[in-house]
Amino acid sequence: METGKNSRDIVSRYRRYLKLEKGYSPNTLDAYMRDVDKLLRYLAGENIAVSDVKLEQLEHFAASISDLGIGARSLARILSGVRQFYRFLVLDGYMESDPTELLESPKLPAHLPEVLSTAEVDLLEQAIDLSKWEGHRNRAIIEVLFSCGLRVSELTSLKLSNLYVEDQYVRVMGKGSKERLVPISPRALEELGYWFMDRNVMKIKPGEEDYVFLNRRGHHLTRTMILIMIKRYALDAGIKKTISPHTLRHSFATSLLEGGADLRAIQAMLGHESIGTTEIYTHIDTTTLRQEILEHHPRNIRYNAERQPGEE
């Protein structure tokens, strides 16, 4: 059995692995370390060494977490962190086999993200007052999010040196410091051009010169600023849906799928590591397809026409 000192050494090595090899952000890193801490506290109470753990003991750990009243989604996230930890232990030679291979996560209800139609995105952009200093900038932000499917963190860190205007591509630094090339539409480039006319006359803070989107003080934008901005325009546009910058990413993917794009191509453009993450958009498309059938199939049209008013 490893000592407490050895356990601390393992955890320290794991933290370095997540930070340096996986390239996780500080927030993601902290979340994974909290998951490991929960496991270590449980194992210490049961007098079980990290490297001696068996599947049954991990199942008991999951049950103990559930008994605390933690919801299924939070439990699934904790167990995901535990799996990541044990994959590292096998990779680094602490264990020969992974005890989490058969560890099941709780079943989660299907959660389909909110999406906007192209018409609703147009309403969002029309709500922007272009006479204001930030007008063209904000319109460019919305168009780039919708036409490229970027995460908001990818948008705030977008650099001028990553724009290939002639080739109509953007180089994006995604999760885990993984780069990808994403096509950018002529419409988005046009909106960027209007913004650059304003940007070119700004006084930009040293070190911020390469960022595409800046605030009036010459600093690059934060995620919170963009969230507040989009929610304000949604309210002004009369859009009742609960939306965020991520809604535009979902809308981008859904529009591509409905237009006939291949799921693997959408996966590459979104920067999803697993095709399983991208497959949620097939559920959205199925929902849309069902509504189209209900409204336009001749059997349904005739059935609805023959129904008497008030009939259920």
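Residues numbered from 1 in each chain as written. Predicted model: local features only at pLDDT ≥ 70, side-chain atom pairs only at ≥ 80, totals over all residues. Heavy atoms only, no water.

(A) The arrangement of the packing of aromatic side chains in detail. Considering all chains together, one arrives at 9 aromatic pairs under this definition. For the ring pair Y14 and F88, a centre distance of 5.3 Å and an interplane angle of 45° mean the geometry is tilted. Here Y14 is found in helix α1 (residues 4-21), whereas its partner F88 is found in helix α4 (residues 72-91), with 74 residues between them in sequence. Here Y14 falls in the buried class, since its relative accessible area comes to 0%. F88 gets classed as buried once you look at its relative accessible area, which sits at 3%. Judged by centre distance (6.3 Å) and plane angle (45°), the ring pair of F88 and Y94 falls under tilted. Stacked on the ring of Y211, the Lys or Arg K159 has its end atom at 4.9 Å from the ring centre. Looking at R232, its charged tip hangs above the ring of Y233, at a distance of 4.9 Å from the centre. (Phe/Tyr/Trp six-rings, centres within 6.5 Å; stacked < 30°, edge-to-face > 60°. Helix = DSSP H or I, 4+ residues; strand = E, 2+ residues; numbered from the N terminus. Buried < 20%, exposed > 50% of the residue type's maximum accessible area, 1.4 Å probe, protein only. Lys NZ or Arg CZ within 6 Å of the ring centre and 35° of its normal.)

(B) The arrangement of the environment of T156 in detail. Mapped onto the elements of the fold, T156 is located in helix α7 (residues 152-156). It is 6.3 Å that separates the C-alpha atoms of T156 and T222, two residues lying 66 residues apart in sequence. With near-sequence residues (within four places) excluded, T156 lies in contact with Y211, H220, L221, T222, R223 and I226. Within the structure, T156 has its side chain in polar contact with the backbone oxygen of S153 (distance 3.0 Å). (Contact = heavy atoms within 4.5 Å. Polar contact = N/O pair within 3.5 Å; in protein donor to acceptor, adjacent residues only side chain to side chain.)

(C) Spotlight on the layout of surface pockets. When its volume is computed, the second largest pocket comes out at roughly 220 Å³. Lining the second largest pocket are 13 residues; nearest its centre among them are E134, R137, N215, L221 and M225. At the level of secondary structure, the elements contributing two or more residues to the lining of the second largest pocket comprise α6 (135-148) and α9 (223-237). It is α9 that contributes the most residues to the lining of the second largest pocket, 5 residues altogether. (1 Å grid on protein atoms, 1.4 Å probe; cavity = no way out; pocket = protein on both sides within 12 Å on 5 of 7 lines; lining within 4 Å. Points joined across faces, edges and corners; volume = space filled by probe spheres on them.)

(D) Quick peek at a nonpolar patch on the surface. A contiguous nonpolar surface patch, about 280 Å² in accessible area, is contributed by Y164, Y169 and L181. The residue L181 is located in strand β3 (residues 179-183) in this model. When its relative accessible area of 52% is taken as the criterion, L181 is described as exposed. (Patch = residues over 30% accessible without salt bridge, like charges linked within 9 Å, V, L, I, M, F, W, Y side chains within 5 Å. Areas by Shrake-Rupley, 256 points an atom, 1.4 Å probe, with all protein chains shown as cover. Salt bridge = Lys/Arg side-chain N within 4 Å of Asp/Glu carboxyl O.)

(E) Focus on the packing of helix α3 (residues 55-67) against α4. Running from amino to carboxyl end, α3 crosses α4 at an angle of 150°, the nearest separation of the two axes being 10 Å. It follows from the interaxial angle that α3 and α4 lie roughly antiparallel. Pair α3 / α4 crosses with right-handed handedness. Contact residues: α3 offers L58, F61, A62, I65 and S66, while α4 offers L75, I78, L79, V82 and Y86. Residues belonging to the contact of α3 with α4 are distributed by class as follows: 9 nonpolar, 1 polar and no charged. (Axes fitted to C-alpha atoms, helices over the stretch in contact; angles between N-to-C directions. Parallel < 35°, antiparallel > 145°, perpendicular 65-115°, else oblique. Left-handed = near helix turned anticlockwise from the far one by under 90°. Nonpolar A, V, L, I, M, F, W, Y, C, P; charged D, E, K, R; others polar.)

Don't take any of this as a statement about function, it's just geometry.
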